[in-house]
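What follows is the residue order along each chain.
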Amino acid sequence: QVQLVESGGDLVQPGGSLRLTCVASRSIFSINLMGWYRQAPGKERELVAEITTGGRTVYSDSVKGRFTVSRDNAKNTVYLLMNNLEPDDTAVYYCGAVGTSGPLRRTYWGQGTQVTVSS
């Protein structure tokens, strides 16, 4: 059952921009924390950015000043605006949300969207 869906990944040139979108199913209740994480080949999954319902944010040092995370609570949607993209940003980007569906409160994950930065 798909409960989080990411979109917006693409091939872009260095210095370009992309906006990623993640929509959480209405079957997930009481979502407080949503975020973006990425995994490059041969590396562990790492935090990119997180945002709470109240709008407080956390960024990885490697993206701070270039990426902006935002959310629309009414639409169960989180966005990641990526500017000044670099080749090292190439990875599969995953959306995560802490919420409750059925009997469990846990982190729910999307299936990822590929971002490739290359000239």
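By convention here, each chain's residues receive numbers from 1 onward along its written sequence. Under the rules for a predicted model, residues below a pLDDT of 70 receive no local features and side-chain atom pairs below 80 are neither given nor counted, while totals for whole chains, interfaces and linings still include all residues. Neither water nor hydrogens contribute to the side-chain values; these are computed over all heavy atoms in the structure.

(A) Spatial organisation of the overall build of the chain. A run of H or I in DSSP becomes a helix once it reaches four residues, and a run of E becomes a strand once it reaches two; helices and strands are each numbered from the N terminus. Helices and strands together make up the secondary structure of the chain, namely 0 helices and 11 strands. Mapped in sequence order, the helices and strands of the chain form the string β-β-β-β-β-β-β-β-β-β-β. Computed over the C-alpha atoms, the radius of gyration of the chain is 14 Å, within 12% of the 14 Å expected from 2.2 N^0.38 for a compact globule of 119 residues. If one aligns the C-alpha atoms of the chain with their principal axes, the spans along those axes are about 45 × 25 × 20 Å. Considering the chain as a whole, with its 119 residues, one finds that 40% of them fall into the buried category. Should any heavy atoms of two residues lie within 4.5 Å, those residues are counted as being in contact. Sequence-distant contacts, at least 24 apart, represent 55% of the contacts inside the chain between residues at least 6 apart. Two things to know: the radius of gyration comes from C-alpha atoms, and the globule rule equals 2.2 Å times the number of residues to the power 0.38. Summary of the burial criterion: residues with accessible area below 20% of their type's maximum are buried, those above 50% are exposed, and those between are partly exposed, where the area comes from a 1.4 Å probe applied to protein chains only.

(B) Region of interest: the side chain of Thr21. Tracing the backbone through its elements, the reader meets Thr21 in strand 3 (residues 18–24). A residue is classified by how much of its surface remains accessible, and Thr21, at 16% relative accessible area, is buried. Setting aside anything within four residues of it in sequence, one finds Thr21 in contact with Val5, Glu6, Ser7, Trp36, Thr77, Val78 and Tyr79.

(C) Inspection of the state of the cysteines at higher detail. Only a pair of cysteine sulfur atoms within 2.5 Å counts as a disulfide in this structure description. Across all of its chains, the model carries 1 disulfide by this definition. In this model Cys22 forms its disulfide with Cys95; the gap between the sulfur atoms is 2.1 Å. Taking the sign of the torsion about the S-S bond as the criterion, the disulfide between Cys22 and Cys95, at about -80°, is left-handed. Here Cys22, found in strand 3, pairs with Cys95, found in strand 9 (residues 91–101); they are 73 residues apart in sequence, far enough to count as distant.

(D) Region of the structure containing the nonpolar core. In plain words, nonpolar cores are sets of buried Ala, Val, Leu, Ile, Met, Phe, Trp, Tyr and Cys residues tied together by side-chain atoms within 4.5 Å. Of all hydrophobic cores here, the largest spans 29 residues; its most connected members are Trp36, Leu80, Met82 and Tyr93. Counting only elements with at least two residues in this core, the list comes to strand 3, strand 4 (29–39), strand 5 (46–52), strand 7 (67–72), strand 8 (77–82), strand 9 and strand 11 (113–117).

(E) Broad picture of the packing of aromatic side chains. A pair of Phe, Tyr and Trp rings is counted when the ring centres sit within 6.5 Å of each other, with Trp represented by its six-membered ring. The angle between the planes then sorts it: under 30 degrees is stacked, over 60 is edge-to-face, the rest tilted. Tallied over the full model, the rule gives 1 aromatic pair. Here the aromatic rings of Tyr37 and Trp109 are separated by 5.0 Å at their centres, their planes lie at 70°, and the arrangement is edge-to-face. One end of the pair, Tyr37, is in strand 4; the other, Trp109, is in strand 10 (residues 104–109), and 72 residues separate them in sequence. On the basis of relative accessible area, Trp109 is assigned to the partly exposed category, the value being 39%. Here, a charge over a ring is recorded when the distance from Lys NZ or Arg CZ to the ring centre is within 6 Å and its angle to the ring normal is within 35 degrees. Note that Arg45 overlies the ring of Tyr94, its terminal NZ or CZ placed 3.9 Å from the centroid.

(F) Looking closely at unusual backbone geometry. Here the phi dihedral of Asn76 falls at roughly 55°; this positive angle occurs in a residue that is not glycine. Residue placement: Asn76 occurs in the loop between strand 7 and strand 8. Overall, the relative accessible area of 13% leaves Asn76 in the buried class.

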